[in-house]
Amino acid sequence: MGYCTIARMNGTSCISRHVSTWRIVTPTGRLSPVRVGQYSNVLKSECSSRDVSAMARKGLSELLNMKKSASEDDGRAQLKPGTVSPPGDVPAHIPKPSWADTGKMPPWDPNPQIHTPENLEKMRASCKLAAEVLNLAGSLVKPGVTTEEIDRAVHEACINAGAYPSPLNYGNFPKSVCTSVNECICHGIPDSRKLQEGDIVNIDVTVYLNGYHGDTSRMFKVGKVSEGASRLCTATTEALMSAINLCAPGVRFAEIGKAIQKVADSYGYTSSRSFVGHGVGTVFHAYPHILHYRNNEPGVMQPGMTFTIEPMLCEKSAKEKFWKDNWTAVTADGGLSAQQEHTILITEDGHEILTLA
């Protein structure tokens, strides 16, 4: 489950927003809370008049592109919110993260998740379970099945394994898994909508087992999909694996975004700049924040470190808009989006994908 950073990078810091919380992200990964009312003042101090003019021109271009795409209807109905049922129950004996009862989102942890050999085994077990639950969820994907039914299966599988579904009540997220259909970039809330022939859906599973979070997601095709939809899913997988393949001790985190951007450009797609990968382990979201586009972020990979890589590619503009639930992010122009994710361990001589089933 990715962290949202609607950001303007200037090489030294960025402004980020996760739902309703704004923060300053420094090169060290530290986040300082900023009140929403202060946001415009921060931007004013960081943006030159040239920046403002350039942003205005970009905004006009995006508006024109949105109008153009709206007139080029591909016959696919745009997503609309369905009915969301109450969340599943969690038995008292299941160990829970802090937000399970409070709904409060913990601050981003500025420390990397680096594991001892003993703790790494717990991390492996959590990631293995996440992969297995994702496979189960994917097996349910077919026309006529609601995303709510998939959520119910994920919830039950987690509970039966003695794990807590990490998304549940995280920042008041009302379900146990994220299901992002068609133009939904990420954080889709399972509801009463039935999957339809030709849909593509990302299922994002995170489990909390024995004090460790395992995080993974994958795209699934509903029946026969269009050539364009299939191509987008293929490109996103290629982007993820291209980034994973270069992971090793001493490699700069910025190389991940560079590799993903190269694949996206080769296909003519855009990569979301508003959502990032993240350190994961005993906490859900931690340093480093992994950008999925070309960047100059500092920091290098270290042995024993775990983090997610989760590129989100869009067939048109990657600009997003949020639904009123403050979670569901969809492409502003209605174009398709796809996401793939793995949790990665940096080893002494390379890397290991922990969320392979």
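Numbers given to residues run from 1 along each chain, matching the order in which its sequence is written. Local features in this predicted model are restricted to residues whose pLDDT is 70 or higher, and side-chain atom pairs enter the listing and the counts only when it is 80 or higher, whereas totals over whole chains, interfaces and linings include all residues. Hydrogens and water are ignored here; the side-chain numbers use all heavy atoms of the structure.

### Observations regarding the sheet that holds strand β16 (residues 329-331)
And step 1. Pairing between two strands requires that DSSP report at least two bridges joining them. For helices the rule is a DSSP run of H or I covering at least 4 residues; for strands it is a run of E covering at least 2, with both sets numbered from the N terminus onward. What the three strands build is an open sheet, ordered β7-β16-β15; its pairing is antiparallel. The sheet is open, and its two borders are formed by β7 (184-186) and β15 (320-322), each paired with just one other strand. The mean inter-strand angle of the sheet, taken between neighbouring strand axes irrespective of direction, is 40 degrees.
And step 2. Where β7 and β16 come together, two bridges link them in antiparallel fashion. By the bridge assignment, Cys186 is partnered in β16 with Ala329. Here an angle of 0 to 180 degrees is reported between the N-to-C directions of two axes, which are lines fitted to C-alpha atoms, with helices fitted over the stretch in contact.

### Some details on the sheet that holds strand β14 (residues 312-314)
As a general point, the strands of a sheet are linked pairwise by backbone hydrogen bonds and lie either parallel or antiparallel.
And step 1. The antiparallel open sheet is built from three strands, whose spatial order is β10-β14-β17. On the outer flanks of this sheet lie β10 (270-271) and β17 (337-339), each paired with one strand and no other.
And step 2. Relative to β17, β14 runs antiparallel, the two sharing three bridges. Bridge pairing links Met312 to Gln339 in β17.

### Looking at the confidence of the model for the protein
And step 1. The predictor attaches a confidence to each residue, called pLDDT, with possible values from 0 through 100. A residue-level look at the protein finds 80% of positions with pLDDT of 70 or above and a mean pLDDT of 85.
And step 2. In what follows, residue pairs with any heavy atoms lying within 4.5 Å of each other are defined as contacts. Note that residues 6-72 has pLDDT below 50 and, in this model, 100 contacts with residues that lie over four places away or in other chains.

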